[in-house]
Amino acid sequence: MPLNILERHTNKIVMLTLKDGRTLEGKLIGFDEYMNMILEDTEETRDGQVKRLGTVVLRGNNIVTIVPK
Amino acid sequence: MPLNILERHTNKIVMLTLKDGRTLEGKLIGFDEYMNMILEDTEETRDGQVKRLGTVVLRGNNIVTIVPK
Amino acid sequence: MPLNILERHTNKIVMLTLKDGRTLEGKLIGFDEYMNMILEDTEETRDGQVKRLGTVVLRGNNIVTIVPK
Amino acid sequence: MPLNILERHTNKIVMLTLKDGRTLEGKLIGFDEYMNMILEDTEETRDGQVKRLGTVVLRGNNIVTIVPK
Amino acid sequence: MPLNILERHTNKIVMLTLKDGRTLEGKLIGFDEYMNMILEDTEETRDGQVKRLGTVVLRGNNIVTIVPK
Amino acid sequence: MPLNILERHTNKIVMLTLKDGRTLEGKLIGFDEYMNMILEDTEETRDGQVKRLGTVVLRGNNIVTIVPK
Amino acid sequence: MPLNILERHTNKIVMLTLKDGRTLEGKLIGFDEYMNMILEDTEETRDGQVKRLGTVVLRGNNIVTIVPK
């Protein structure tokens, strides 16, 4: 069911918290069974600093939480 | 049996302690065999700071303990 | 054999040391093959601070040692 | 689908963020199912210091994010 | 062969060094294929402090070295 | 394909960056599917200090990057 | 091939570097497919301090490098 909810949020904005403390906010384009993800129009926040990254491929095992916006 | 108890607490409030030191408290909506979970109306506490997150998808391998409320 | 000893201590008090430095002491209600556990009447100790948690579901891979009381 | 996007970016420039804090930027020559990768003309950045590494073979489990350029 | 040597040391004293820096010394009562172990009459040493723990069930993946006494 | 490139660099000099921050530079003699490797005439660099190690067997899961020389 | 070289060094002296920063030097008596090892006449060095450990069983996943002497 956690993977189903990701399906419902495809093409919507999600905010990801990563194990290295960064947060990524972007449009969820796709994902696989390992929760590897593709985001578009991604903004990274690290220690309060915001950086535009555009398209990002993310390895799922670095994700802690996913918050749909 | 630990997964059974989660089933009995679906739609109830749980408090999760994560490996990164955060706690999440919210309504348990669903989970899978990896203890990936969906929470609703989630509040995150980090270093005493509380933040409303709403719906959260959580990767199970970041969970340390689950306390049903 | 380590899982057998857990079976013999079901419904008895156990003290768990976790990787994050916390100790949990409570009644062992159940466990599975991954050493995921359910404790009842659990007390958590962190840096000398004691907190009553009640029922706790614990992911097995966070456990270092289990001491039956 | 995350692996598909890598296929579309073969022979293009990608920027990788690694778990040890380094970033690598280079031409993606190949990858396998574990996201092990080969980069060419790679530049490493660590704490603001840039170093030319040329060809790099990278173990996939060290990758956090991949940003196609 | 490393598991065979453990078999020969069953009911003998072993000293374990754990990943969290503790050492445990006790009588090896049993173990399984994951090197999960049961010790009896166990003494824990942490930062030079010794504590009697009695029976201990230990998850194998926390062990670094095992020294038969 | 990442394993193929290692095959082409057998008996050539490679520089490895490890997770513990050390770098090893030596002749690649062999490797297996886990990227366990054998190096010869190996020099280790740790915090700017260089040490001759000769033959080294290396567990693959400690490797971050491999740079053929 | 990395496991083969260990076979050739059985009953010879090896120096192991572990993930926790210790080095162990001793006679390699045996090993299995996980690189779990048995050493005899082992000396441990930690922060420049040397300690005689005698026989040591070592879990393979704690090993970084193996240097035959």
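Each remark here, short or long, concerns the structure printed above.
Sequence positions are assigned chain by chain, starting from 1 and proceeding in written order. Chains and ligands are labelled sequentially in the order written, the chains with letters from A and the ligands with numbers from 1. Per-residue local features of the predicted model are confined to residues with pLDDT of at least 70, and side-chain atom pairs are confined, for both listing and counting, to 80 or more; whole-chain, interface and lining totals are unaffected and use all residues. The side-chain quantities take in all heavy atoms of the structure and omit both hydrogens and water.

J.: Describe the overall build of chain A, and please don't skip the residues or the numbers.
T.: We count a stretch as a helix when DSSP gives it H or I for four or more residues in a row; a strand needs E for two or more, and each element gets its number in order from the N terminus. Across its full length, chain A holds one helix and five strands. As defined in this context, the radius of gyration uses C-alpha atoms, and a globule is described by 2.2 Å times the residue total to the power 0.38. Taking 2.2 N^0.38 as the reference for a compact globule, 69 residues should give roughly 11 Å; the C-alpha atoms of chain A span a radius of gyration of 11 Å, in line with that estimate. For chain A, the spread of C-alpha atoms along the three principal axes comes to 35 × 20 × 20 Å. Here's how the labels work: a residue is buried when its accessible area is under 20% of the maximum for its type, exposed when over 50%, partly exposed in between, all with a 1.4 Å probe on protein chains only. By residue count, 54% of the 69 residues in chain A fall in the buried class. Throughout, a contact is declared for two residues whenever any of their heavy atoms are within 4.5 Å. Nonlocal contacts in chain A, meaning residues at least 24 apart in sequence, comprise 37% of its contacts between residues at least 6 apart. Exposure was quantified through the Shrake-Rupley algorithm and a 1.4 Å probe, taking into account, for residues, occlusion by the shown protein chains and nothing else. For chain A, the accessible area works out to roughly 3,200 Å², and carbon and sulfur atoms hold 43% of it. Within chain A, the 10 negative side-chain charges are centred at a point lying 2 Å from the centre of the 10 positive side-chain charges. In this count, Lys and Arg are taken as positive residues and Asp and Glu as negative ones, while His and the chain termini are left out. A charge is said to be at NZ when it belongs to Lys, at CZ for Arg, at CG for Asp and at CD for Glu.

J.: Go over the pattern of salt bridges with me, naming the residues and quoting the values.
T.: A pair is scored as a salt bridge if a Lys or Arg side-chain nitrogen falls within 4 Å of a carboxyl oxygen belonging to Asp or Glu. For the structure on display, the rule yields 21 salt bridges over all chains. Put simply, glutamate 44 of chain E and arginine 22 of chain E hold a salt bridge, and the shortest N to O gap is 2.6 Å. One end of the pair, glutamate 44 of chain E, is in strand β3 (residues 37–46); the other, arginine 22 of chain E, is in the loop between β1 (13–18) and β2 (23–31), and 22 residues separate them in sequence. Across this residue pair, the class does not change: glutamate 44 of chain E and arginine 22 of chain E are buried. Salt bridges here are not isolated pairs; linked through shared partners, they connect Asp20, Arg22 and Glu44 of chain A.

J.: Quick rundown of the pairing of β1 of chain E? Include the residues and the values.
T.: All names here are of chain E. Among the six residues that make up β1, five are buried, leaving the element largely enclosed by the rest of the structure. Of the strand pairs in this sheet, β1 and β2 are connected by five bridges, and their pairing is antiparallel. What sits directly across from isoleucine 13, in β2, is lysine 27. Counted along the chain from β1 to the antiparallel partner β2, the turn is four residues long, and its residue glycine 21 has a positive phi close to 90°. Examined bridge by bridge, β1 and strand β5 (residues 63–68) share five bridges and lie antiparallel to one another. Bridge assignment links methionine 15 to a residue of β5, and that residue is valine 67. When DSSP finds at least two bridges between two strands, those strands are taken to pair.

This is a description of form; function is not addressed.
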